[in-house]
Amino acid sequence: MTKDAIVLGAGIVGVSTAIHLQRRGRQVTLVDRKAPGEETSFGNAGLIQREGVVPYGFPQQFGLLLRYAFNNRIDAHYHLRALPGQIAFLARYWWNSNTKRHEMISRAYAPLIEHSISEHNDLIEASHAEELIRKNGWMEIFRTDEKRDAEFAEAERLNREFGVGYDALSGTDIATMEPHIKGRFSGGLRWRDPWSVLDPHGLTAAYRNYFESIGGRFATGDAVSLGLSGSRWKMVTSDGSIEAEDVVVALGPWADLVTKRFGYAFPLGVKRGYHMHYAAEGNATLNNWTLDAERGYFLAPMSRGIRLTTGAEFALRDAPKTPIQLDRAEAVARTVFPLGERLDPEPWMGARPCTPDMMPIIGKAPRHNGLWFAFGHAHHGLTLGPVTGRVLAELITGEKPFIDISAYAPDRFAP
């Protein structure tokens, strides 16, 4: 008898999980209030970050924290009124970011990252989405010798300990690779292993199409309608009421709308982010996905235009947009690359779901049979969607996950 499953959330994590469950013989209904890929998965720098074995930590240096306190930076911005409700999360985030803890977390996190390219490749080939992918890495550029030398040393460590490939670039190398980038840069790094995505939303849509081609179903619905009916899970969708033996919560920053209803109080924080697309002036071309490392913004040559992305905004998840960082980033970016007109009617904003130990929550709900969690991927949701989907589907169907996922178990947090 075919077993049914519901996956709540049609971002890259949810769609990938639905695919892997459907492949393993489950009849899967993927449910979201919007079409797949239209929330957090819509807006990002478009990188599958094989090099990203070290999750983004909370600054530890007092001088840097003081500079952030002035709230005038591109890479981080905060809403003062939101801070009281985030103090507990930020304190745990800061503690986990100390050198010893951060090193331990990085080693536990690395297995997910190490399989990010191979697991995406599986789904890219299956969904015939190769035209959306570039396989030439991405680049950081540095304004000062101090930053350059520190990042070169870190790149060498990552190469030695995790097998991450990189090229050290001189200022001349940057000028050759990117003739339309202006200004003096002391050097750069090209991370060789990552892949980039010309249209992240398009990639999620391609995965959705593949999911439906192998028998999966998509329906719109509100996750808060989820409830228990005897030993099965039940909810209301556009296709009517549906039931399933298993349900996966892959709702990203909205996961708490479901988890709290069943008594799970995860310390889930939110980092919001913005993007805007631009034309290039004249015949200017940007060849590489490029991070201006000391300023904290990203330029990505995507299908819709050159996408400018910002760092993290600490705010209430549902607060109105405040694209201050985007305006700051645009002013600096225009001095580096000849950006033309804005191509979007308004800035896009999304919310990244974050845990204080910087690792996602993947696994079985401690107190409910058939309830599974897959959220909290922070900056690496696009990167980790397929590998998360595979390991969780293996767990649900009784297989041994192909990597050890004990570090990401939901029960590491107090219920």
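Each remark here, short or long, concerns the structure printed above.
The rules behind the values
Residues numbered from 1 in each chain as written. Predicted model: local features only at pLDDT ≥ 70, side-chain atom pairs only at ≥ 80, totals over all residues. Heavy atoms only, no water. Helix = DSSP H or I, 4+ residues; strand = E, 2+ residues; numbered from the N terminus. Buried < 20%, exposed > 50% of the residue type's maximum accessible area, 1.4 Å probe, protein only. Areas by Shrake-Rupley, 256 points an atom, 1.4 Å probe, with all protein chains shown as cover. Pairing = 2+ DSSP bridges. Axes fitted to C-alpha atoms, helices over the stretch in contact; angles between N-to-C directions. Contact = heavy atoms within 4.5 Å. Expected span 1.5 Å × (residues − 1). Bend = angle between axes of the 7 residues up to and from the residue. Phe/Tyr/Trp six-rings, centres within 6.5 Å; stacked < 30°, edge-to-face > 60°. Lys NZ or Arg CZ within 6 Å of the ring centre and 35° of its normal.

Participant: Looking at this model, I keep getting lost on the overall build of the protein chain. Mind explaining?
Facilitator: Each helix and strand in the protein chain was counted, giving 11 helices and 23 strands. Along the first, second and third principal axes, the C-alpha atoms of the protein chain reach 65 × 45 × 45 Å. A buried classification covers 58% of the 415 residues belonging to the protein chain. Surface accessibility of the protein chain: about 17,000 Å² in total, with carbon and sulfur atoms responsible for 53%.

Participant: Help me understand the sheet that holds strand E2 (residues 27-32), please; the structure alone is not making it clear to me.
Facilitator: Sheet strands line up and pair through hydrogen bonds in the backbone, either parallel or antiparallel. Strand order across the open sheet formed by six strands is E10-E2-E1-E14-E23-E22, with mixed pairing between neighbours. The strands lining the two open edges of the sheet, one partner per strand, are strand E10 (217-220) and strand E22 (361-364). Each adjacent strand pair in this sheet contributes to an overall mean axis angle of 20°, direction not counted. Here E2 pairs with E10 via four bridges, running parallel. Its bridge partner being in E10, leucine 30 is matched across the sheet by phenylalanine 218. The sheet contacts of helix H1 (residues 12-23) involve strand E1 (4-8), E2, strand E14 (246-249) and strand E23 (371-375), and relative to E2 the element is tilted by about 170°.

Participant: Which parts of the structure should I look at to understand helix H3 (residues 83-96)?
Facilitator: Along its 14 residues, H3 runs 19 Å from first to last C-alpha, staying within 8% of the 20 Å computed at 1.5 Å per residue. Residue phenylalanine 89 marks the point of greatest curvature in H3, where the axis turns by about 35°. Among the residues of H3, those classed as buried are Leu83, Gln86, Phe89, Leu90, Tyr93 and Asn96. If you follow the buried residues of H3, they end up packed against strand E4 (76-78), helix H4 (99-114), strand E15 (269-280), strand E19 (312-314) and strand E21 (348-354).

Participant: Before we go on, may I ask you to explain the packing of aromatic side chains in this structure?
Facilitator: Overall, the coordinates contain 13 aromatic pairs when judged by the stated rule. When the ring of tyrosine 264 is compared with that of phenylalanine 373, the centres are 5.5 Å apart and the planes differ by 75°; the resulting orientation is edge-to-face. Taken together, the residues tyrosine 264 in the loop between helix H9 (256-259) and E15 and phenylalanine 373 in strand E23 connect sequence positions 109 residues apart. Note on tyrosine 264: relative accessible area 2%, which makes it buried. Here the aromatic cluster, defined as three or more aromatic residues joined through ring pairs, consists of Tyr264, Phe266, Phe373, Phe375 and Phe413. Sitting above the plane of the tryptophan 254 ring, arginine 33 keeps its charged end 4.8 Å from the centroid. The ring centre of tyrosine 68 lies 4.5 Å from the NZ or CZ of arginine 73, which sits over that ring.

Participant: Just checking my understanding: could you explain unusual backbone geometry for this structure?
Facilitator: Most peptide bonds are trans, and most residues other than glycine sit at a negative phi. Positive phi outside glycine occurs at asparagine 71, with the angle close to 60°. Judged by relative accessible area, asparagine 71 falls into the buried class, the value being 16%. For histidine 128, which is not glycine, the phi torsion reads 55° and is therefore positive. Inspection of the secondary structure puts histidine 128 in the loop between helix H5 (116-126) and strand E5 (133-134).

Treat this as a map of the structure, not an account of what it does.
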